[in-house]
2 protein chains.
Amino acid sequence: MIYMTQALKNAKKAFKINEIPVGCVVVRENKIISQGYNQRNKKNNVLYHAEMIAINKACKKINDWRLENCILYSTLEPCAMCAGAILQARIKKIIFGCYNHKFGCAGSVINLFEQEKFNHKVEIISGLMQNECECLLKNFFMMLRKTKKIEQKEI
Amino acid sequence: MIYMTQALKNAKKAFKINEIPVGCVVVRENKIISQGYNQRNKKNNVLYHAEMIAINKACKKINDWRLENCILYSTLEPCAMCAGAILQARIKKIIFGCYNHKFGCAGSVINLFEQEKFNHKVEIISGLMQNECECLLKNFFMMLRKTKKIEQKEI
């Protein structure tokens, strides 16, 4: 739970800067080696999803593109890009909080981690601290809708 | 052909530094706005695939994560990570040279660009300058095998 709690703390950092609240950590030998939170809008760049930031930092930290002994904890099921990066980096296990019914590529829309033809498989654990991760996202989108309504009234 | 020729020139830059020769360009309103070539080993980082480098640069160039009016030319069919980034960036069209039977996610293994559930579809054109793109890859892997044989003899 401590690693997902830290991932959730990172997601809250995204919330504070008005980004969709997704956070993650990369763990190796029971130590957090890198962290990330979604900053796509702030950076105006698709490559700034939480998982991509954390994978980028982890590669730099251990100076290797192979993150074979690493576990990635994310508050949200990864999209195709992030799932693809996890596969490319040969991360051994992904543990995520809540499901992404629109873009999730660890089972919700498709499952990139268990494709027969790929040379790497990733173990998946889902639903860890699901309620907390889901609530944060719901609160964010509720806030967004309220802000939009207020803006519309002001126009 | 001029854009794929340029993508191929980029792939040759990768070849010269002993990287799997993949190159690409991002085109917007008939102008190349960014380019990339594979540097995964040099940078020790999975995020340095040709397409990721070019998408990163394109987002920075136009200061937007939405590359909606862009076309990506790549010498090789994109992997899951790169296909996911293309989807996330809402690139409208991808034109690639040769097929990636092991990791290709534009039809060879799976097709991420035509998933019913995703909110964005990407037009695919495949096989442009296929022979040239394929030959470059074949030459690279042939050279790799030769180098390994020589190394084994020397041990």
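Residues numbered from 1 in each chain as written. Chains lettered and ligands numbered in written order. Predicted model: local features only at pLDDT ≥ 70, side-chain atom pairs only at ≥ 80, totals over all residues. Heavy atoms only, no water.

All names here are of chain B. Between its terminal C-alpha atoms helix H1 (residues 2-16) stretches 21 Å, which fits the 21 Å expected from 15 residues at 1.5 Å a residue. All buried positions along H1 are accounted for by Tyr 3, Met 4, Gln 6, Ala 7, Leu 8, Asn 10, Ala 11, Ala 14 and Phe 15. Directly after H1, the chain includes Asn 18, whose backbone phi takes a positive value near 60 degrees. (Helix = DSSP H or I, 4+ residues; strand = E, 2+ residues; numbered from the N terminus. Expected span 1.5 Å × (residues − 1). Buried < 20%, exposed > 50% of the residue type's maximum accessible area, 1.4 Å probe, protein only.)

Take the relation of the copies chain B and chain A next. Expressed as a screw transformation, the operator carrying chain B onto chain A has a rotation angle of 180 degrees and an axial translation of 0.0 Å, and the superposed copies differ by an RMSD of 0.0 Å. Expressed as an axis order, the relation between the two copies is that of a two-fold axis. Closest approach to the rotation axis among the C-alpha atoms of chain B is made by Met 81 of chain B, whose C-alpha sits 2.1 Å away. An overlap of 100% is found between the interface residues of chain B and their copies at the interface of chain A, pointing to a shared contact surface. (Least-squares fit on C-alpha atoms with pLDDT ≥ 70 in both. Contact = heavy atoms within 4.5 Å.)

Between side chains of opposite charge, a pair can form as their charged atoms come close. All names here are of chain A. Scanning the model with the defined rule gives 8 salt bridges over all chains in all. The partner of Asp 64 in a salt bridge is Arg 66, and the shortest N-O contact between them spans 2.7 Å. Overall, the relative accessible area of 22% leaves Asp 64 in the partly exposed class. Across the salt bridge formed by Arg 90 and Glu 68, the nearest N and O atoms sit 3.3 Å from each other. In this pair, Arg 90 sits in the loop between helix H4 (80-88) and strand E4 (93-98) while Glu 68 sits in the loop between helix H3 (50-62) and strand E3 (70-76), placing the two residues 22 residues apart along the sequence. With relative accessibility at 38%, the residue Glu 68 sits in the partly exposed group. (Salt bridge = Lys/Arg side-chain N within 4 Å of Asp/Glu carboxyl O.)

Ranked by internal contacts, the top residues of the largest apolar core, which has 108 residues, are Ile 55 and Leu 112 of chain A together with Ile 55 and Leu 112 of chain B. In this view, Ile 55 of chain B contacts Val 46 and Leu 47 of chain A together with Leu 67, Leu 72, Ala 85, Ile 86 and Ile 91 of chain B; residues no more than four positions away in its chain are not counted. (Core = buried A, V, L, I, M, F, W, Y, C linked by side-chain atoms within 4.5 Å.)

A word on the packing of aromatic side chains. Going through the model one piece at a time under the given rule, you end up with 10 aromatic pairs over all chains. Here the aromatic rings of Tyr 3 of chain B and Tyr 73 of chain B are separated by 5.2 Å at their centres, their planes lie at 50 degrees, and the arrangement is tilted. In this pair, Tyr 3 of chain B sits in helix H1 while Tyr 73 of chain B sits in strand E3 (residues 70-76), placing the two residues 70 residues apart along the sequence. Given a relative accessible area of 10%, Tyr 73 of chain B falls into the buried group. Above the face of the Trp 65 of chain B ring, Arg 40 of chain A is positioned so that its terminal group lies 3.6 Å from the ring centre. (Phe/Tyr/Trp six-rings, centres within 6.5 Å; stacked < 30°, edge-to-face > 60°. Lys NZ or Arg CZ within 6 Å of the ring centre and 35° of its normal.)

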